[in-house]
Amino acid sequence: MTGTREQWYVAVEPAGAEILRQDLLGRRILDRTLRPRRDGGRILFPVLGPEGATGRADFRPHPVAEDLPRHELVGGIALMQGKNPEEAHRLLRARPGLHTVLYPESAVEGIYRTRRFTVLAGESTTRTRYTEYGMRFDIDLAVAYFSARLAHERQHIAGMMGAGERVLDLFAGVGPFAIALAAHARVVYASDINPAAVHLMAENIMLNRRRNVVPVLADAGHLAGVLPRMFDRIIMNLPVSSAGFLTSAARLCREGGTIHFYALQSETGENLPLLRDVTCGRITERKVRSYSPAQHHAVYDVEMR
Ligand code: SAM
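Residues numbered from 1 in each chain as written. Predicted model: local features only at pLDDT ≥ 70, side-chain atom pairs only at ≥ 80, totals over all residues. Heavy atoms only, no water.

A.B. asks: Go over the overall build of the protein chain with me, naming the residues and quoting the values.
C.D. replies: Scanning the protein chain for helices and strands turns up seven helices and 17 strands. Expected size for 305 residues packed as a compact globule is a radius of gyration near 19 Å; at 21 Å, the protein chain falls within 12% of this value. Taking the principal axes of its C-alpha atoms as reference, the protein chain extends roughly 65 × 45 × 40 Å. Put simply, the protein chain has 305 residues, and 47% of those count as buried. Across the protein chain, every contact between residues at least 6 apart in sequence was considered, and the portion connecting residues at least 24 apart equals 60%. Approximately 15,000 Å² of the protein chain is accessible, and the part contributed by carbon and sulfur atoms is 50%. Side-chain charges in the protein chain split into 39 positive and 33 negative, and the spacing between the mean points of these groups amounts to 3 Å. (Helix = DSSP H or I, 4+ residues; strand = E, 2+ residues; numbered from the N terminus. Rg over C-alpha atoms; globule rule 2.2 N^0.38 Å. Buried < 20%, exposed > 50% of the residue type's maximum accessible area, 1.4 Å probe, protein only. Contact = heavy atoms within 4.5 Å. Areas by Shrake-Rupley, 256 points an atom, 1.4 Å probe, with all protein chains shown as cover. Lys, Arg positive; Asp, Glu negative; His and termini not counted. Charge placed at Lys NZ, Arg CZ, Asp CG, Glu CD.)

Structure below.
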């Protein structure tokens, strides 16, 4: 084929294509310069190396990707790094799945961890539908926190679960952890202090037909006085200020259960002294992703004793 490039690939049946794509993206091995293609009844995804690959094949490059302005996709919305309406319109024309291009006017801020946006092109909305590993989420970026960057991490936690666990997601947002983990859990309690987030979470629970997720509008700090110490697994994804809720989480986690404590940090092990103060048991630290040149997003898996 002319205009093609040979690359390693992983082949999959169409029904498993989206799950594989997300997995390859999460492991950062999808070759995003090339377009996946059909081959008979299978979809071939180009990957960056031979490890786990099915073979080699020719792929066409993505036609315009390299000269588009820098952006991040969340469902039908693109978040652009520069505030340039002309470039935003060009982006909108080049990507058929987009309905809106936004520019974030602020960093993630406030207790609800949201950002302020300007609409640069397309529909005047901050709401969209996002798909992750076959699950669907209605999100509204202006009123409730959402990040697609933890998609792989959610699957990683799901993979650690045993049968019939009771899970508590203390800072659940619109429900991506809670809904992903519910597929493997007996029950998931999912709390958030932001009414708009809990409202969207309730919609997402229905959208994904989960019958074992309990949305709770509450301050996580109050839950230890209300819920029993019964949880096998507790998710604490409030990276800048989880520390203040660690004592409450420890009171809600059963002996032998696990707390996943997420933090933004500059150095490996930065949060170990704090965790050792409040909890005892085995602690495993993992880097989830880079956040900025100076900081990374880490998770500490704390087995409670
Ligand atoms: N876990 C979700 C996700 O991965 O998309 C959301 C994480 S977001 C970083 C943190 C969430 O914690 C926000 O939705 C915010 O409203 C919520 N939050 C902040 N303080 C809280 C508190 N004291 N109690 C419960 N939720 C809180």
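A.B. asks: Pulling in residues and values, what's your account of the site of the ligand?
C.D. replies: Taken together, 20 residues are adjacent to the ligand, and Phe-171, Asp-192, Asp-219, Ala-220 and Asn-237 come closest. At 2.7 Å, a backbone N or O of Phe-171 approaches a nitrogen atom of the ligand. One of the side-chain nitrogen or oxygen atoms of Asp-219 is found 3.1 Å away from a nitrogen atom of the ligand. Residues belonging to the shell around the ligand are distributed by class as follows: 14 nonpolar, three polar and three charged. (Near = heavy atom within 4 Å. Polar contact = N/O pair within 3.5 Å; in protein donor to acceptor, adjacent residues only side chain to side chain. Nonpolar A, V, L, I, M, F, W, Y, C, P; charged D, E, K, R; others polar.)

A.B. asks: Outline the nonpolar core, supporting the account with residue identities and numerical values.
C.D. replies: In this structure, Tyr-130, Ile-139, Leu-141 and Phe-146 are the most contacted members of the largest nonpolar core, which totals 41 residues. Counting residues per element, the ones that place at least two in this core are strand E6 (77-80), strand E10 (135-140), helix H3 (151-160), helix H4 (176-182), strand E12 (185-192) and helix H5 (195-207). Residue contributions to this core peak at six residues, all from H4. Not counting chain neighbours up to four residues away, the residues in contact with Leu-141 comprise Ile-77, Leu-79, Leu-102, Thr-114, Arg-115, Phe-117, Thr-126 and Phe-146. Judged by nonpolar contacts, the second largest core, of 26 residues, contains Ala-220, Met-230, Ile-259 and Ala-263. (Core = buried A, V, L, I, M, F, W, Y, C linked by side-chain atoms within 4.5 Å.)

A.B. asks: Quick one: what's the story with the packing of aromatic side chains, residue by residue and with numbers?
C.D. replies: On inspection of all chains with the given rule, the structure shows six aromatic pairs. Aromatic pair Phe-137 and Phe-146: ring centres 6.4 Å apart, planes at 35 degrees, arrangement tilted. For the pair Phe-137 and Phe-146, a shared accessibility class is recorded, and that class is buried. Judged by centre distance (5.1 Å) and plane angle (75 degrees), the ring pair of Phe-171 and Phe-245 falls under edge-to-face. With Phe-171 in the loop between strand E11 (165-169) and H4 and Phe-245 in the loop between strand E14 (231-236) and helix H6 (246-252), the pair connects residues that are 74 residues apart, well separated along the chain. Overall, Phe-171 belongs to the buried group, its relative accessible area being 15%. (Phe/Tyr/Trp six-rings, centres within 6.5 Å; stacked < 30°, edge-to-face > 60°.)

A.B. asks: Can you tell me about the state of the cysteines, naming the residues and giving the values?
C.D. replies: Inspection of the entire model under this criterion finds zero disulfides. Cysteine Cys-253 shares no disulfide, and the gap to the nearest cysteine sulfur, in Cys-280, comes to 11 Å. Judged by relative accessible area, Cys-280 falls into the partly exposed class, the value being 48%. (Disulfide = S-S within 2.5 Å.)

A.B. asks: Any details on the sheet that holds strand E2 (residues 37-39)? Residues and values, ideally.
C.D. replies: The sheet built from four strands is open, its strands ordered E2-E3-E1-E4 with antiparallel pairing. Only two strands of the sheet have a single neighbouring strand rather than two, namely E2 and strand E4 (55-59). Across the sheet, the mean angle from the axis of one strand to that of its neighbour is 55 degrees, orientation sign disregarded. In the sheet, strand E1 (residues 5-12) pairs with E4 via five bridges, with the strands oriented antiparallel. Paired with Gln-7 across the two strands is Ala-57, which belongs to E4. Across the sheet, helix H1 (residues 17-26) is in contact with E1 and strand E3 (42-47); its angle to E3 comes to roughly 5 degrees. (Pairing = 2+ DSSP bridges. Axes fitted to C-alpha atoms, helices over the stretch in contact; angles between N-to-C directions.)

A.B. asks: Please provide a residue-by-residue account of the pattern of salt bridges, values included.
C.D. replies: A complete count under the given rule lists 20 salt bridges for this structure. As a salt-bridge pair, Asp-232 and Arg-254 come within 2.4 Å of each other at their nearest N and O atoms. Linking Asp-232 in strand E14 with Arg-254 in strand E15 (residues 253-265), this pair joins segments that are 22 residues apart in sequence. Of the residues examined, Asp-232 reaches a relative accessible area of 14% and is grouped as buried. The exposure class of Arg-254 is partly exposed, given its relative accessible area of 32%. The salt bridge partner of Arg-286 is Asp-301, with a shortest N-O separation of 3.1 Å. Residue Arg-286 is located in strand E16 (residues 283-290), and its partner Asp-301 is located in strand E17 (residues 296-303); the two are separated by 15 residues in the primary sequence. (Salt bridge = Lys/Arg side-chain N within 4 Å of Asp/Glu carboxyl O.)

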